[in-house]
Amino acid sequence: MMLRSFLSRLDPRFKPRPSHLLIGGLALVGGLKAVDVIGELVPGADHVPAGAAQAQTVPPKPGAPSGVPVPASLPDSCPVPEELLSAIRTERELLADQKDALSQRRAEIDLAEEKLRIETARLTELKTALEALMNKVETAEGEDVNRLVKLYTNMKPADAAQIMNEIDISVAVTVLGQMPERDAGPIMARLSMARARAVSKIILERSKLPGDQDLNGIVLQ
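Residues numbered from 1 in each chain as written. Predicted model: local features only at pLDDT ≥ 70, side-chain atom pairs only at ≥ 80, totals over all residues. Heavy atoms only, no water.

This paragraph deals with the overall build of the protein chain. Helix and strand counts for the protein chain come out as 8 helices and 0 strands. The buried share of the protein chain, taken over its 221 residues, is 12%. For the protein chain, contacts bridging at least 24 residues in sequence account for 48% of all contacts bridging at least 6. Working note: accessible area of the protein chain is about 18,300 Å², and carbon and sulfur atoms make up 61% of it. (Helix = DSSP H or I, 4+ residues; strand = E, 2+ residues; numbered from the N terminus. Buried < 20%, exposed > 50% of the residue type's maximum accessible area, 1.4 Å probe, protein only. Contact = heavy atoms within 4.5 Å. Areas by Shrake-Rupley, 256 points an atom, 1.4 Å probe, with all protein chains shown as cover.)

This is the structure in structure tokens:
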């Protein structure tokens, strides 16, 4: 009767059949038996404090996905070990020292490059000045040799030969080497035999490389 009255309350138009009443009764008896078994296995399981469920379950925050459990409380910050903080400070100090060393090294390199640039410019200027001086000397020397050649060319061969027998052998070789053959021949013919052989040998060897020259046995007088 209780099951029939309960089903009638759910739907007044519902008219249960005997099979429905039998199935519902069995389900009700099974549920009561399950409650009795749980009560025997877990004492006080049917007397859960009112605030226990609320303490164990925290409602999800607004906007949090449904079905994802939310912990009751989260720590505001995680403490960092002192050893880790010390290692970080040491690493920062090392990086700062390396940065200072690199900056100082870069300044030294810049200073060395500036000195090198100044020295290179100075050497380039000095080289230019030396080249100009050498060109001037060579020009003057060439002019002097040409002047001597003209002087000895205008002399009588006997007089020129007498002078060339006494002057430095290098001067005689230079002048006779620059003179035309028709002017140098008469002078060479009037030189002493030793001086003529020496001048001829030097003129022949001077066109060779220094290692190939053979100036041994030259007698100047």
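Further remarks concern helix α6 (residues 169-178). Among all positions in α6, only Ile169, Ala172, Val173, Val175 and Leu176 are buried. For α6, the elements touching its buried residues are α4 (82-154), α5 (157-164), α7 (181-189) and α8 (193-205).

It is worth spelling out the packing of α6 against α8 at this point. Where α6 meets α8, the axes come as close as 10 Å, and the angle between the chain directions of the two elements is 65 degrees. Taken together, the axes of α6 and α8 lie roughly perpendicular to each other. Here the hand of the crossing between α6 and α8 comes out right-handed. Touching Ile169, Ala172, Val173, Leu176 and Gly177 of α6 are Arg195, Ala198, Val199, Ile202 and Ile203, all from α8. Residue classes in the contact of α6 with α8 are distributed as 8 nonpolar, 1 polar and 1 charged. (Axes fitted to C-alpha atoms, helices over the stretch in contact; angles between N-to-C directions. Parallel < 35°, antiparallel > 145°, perpendicular 65-115°, else oblique. Left-handed = near helix turned anticlockwise from the far one by under 90°. Nonpolar A, V, L, I, M, F, W, Y, C, P; charged D, E, K, R; others polar.)

You can see Tyr152 is positioned in helix α4. Sequence separation between Tyr152 and Ile187 is 35 residues, and the spatial gap between their C-alpha atoms is 9.1 Å. When residues no more than four places from it in sequence are discounted, the contact partners of Tyr152 are Ala160, Ile163, Met164, Ile167, Val175, Met179 and Ile187.

Of all hydrophobic cores here, the largest spans 19 residues; its most connected members are Met164, Leu176, Met179 and Ile187. Every element with two or more residues in this core is listed here: α4, α5, α6, α7 and α8. Considering every element that reaches this core, the biggest residue donor is α6, with 5 residues. Residues contacting Met179, with those up to four places away along its chain left out, are Val149, Tyr152, Thr153, Met164, Ala184 and Ile187. (Core = buried A, V, L, I, M, F, W, Y, C linked by side-chain atoms within 4.5 Å.)

So, about the pattern of salt bridges. Enumeration over the complete set of coordinates arrives at 7 salt bridges. A salt bridge links Glu119 to Arg122; the shortest N-O distance between them is 2.6 Å. On the criterion of helical spacing, the pair formed by Glu119 and Arg122 is a turn pair, its members being 3 residues apart in helix α4. You can call Glu119 partly exposed: its relative accessible area is 34%. (Salt bridge = Lys/Arg side-chain N within 4 Å of Asp/Glu carboxyl O.)

Our focus in this paragraph is the confidence of the model for the protein chain. In the predicted model, the protein chain carries a mean pLDDT of 74, and the fraction of residues at 70 or more is 58%. Taken element by element, the predicted model of the protein chain shows its lowest mean pLDDT in helix α3 (residues 52-56) (42) and its highest in α5 (92). Overall, residues 44-58 carries pLDDT values under 50, and its contacts beyond four positions in sequence, including any with other chains, amount to 3 contacts. (pLDDT = per-residue confidence, 0-100.)

Right, let's get into a nonpolar patch on the surface. The grouping of Leu123, Leu126, Leu130, Leu133 and Val137 at the surface amounts to a nonpolar patch, some 430 Å² of accessible area in total. In this fold, Leu123 is placed in helix α4. Taking relative accessible area as the criterion, Leu123 reaches 44% and is therefore assigned partly exposed. (Patch = residues over 30% accessible without salt bridge, like charges linked within 9 Å, V, L, I, M, F, W, Y side chains within 5 Å.)

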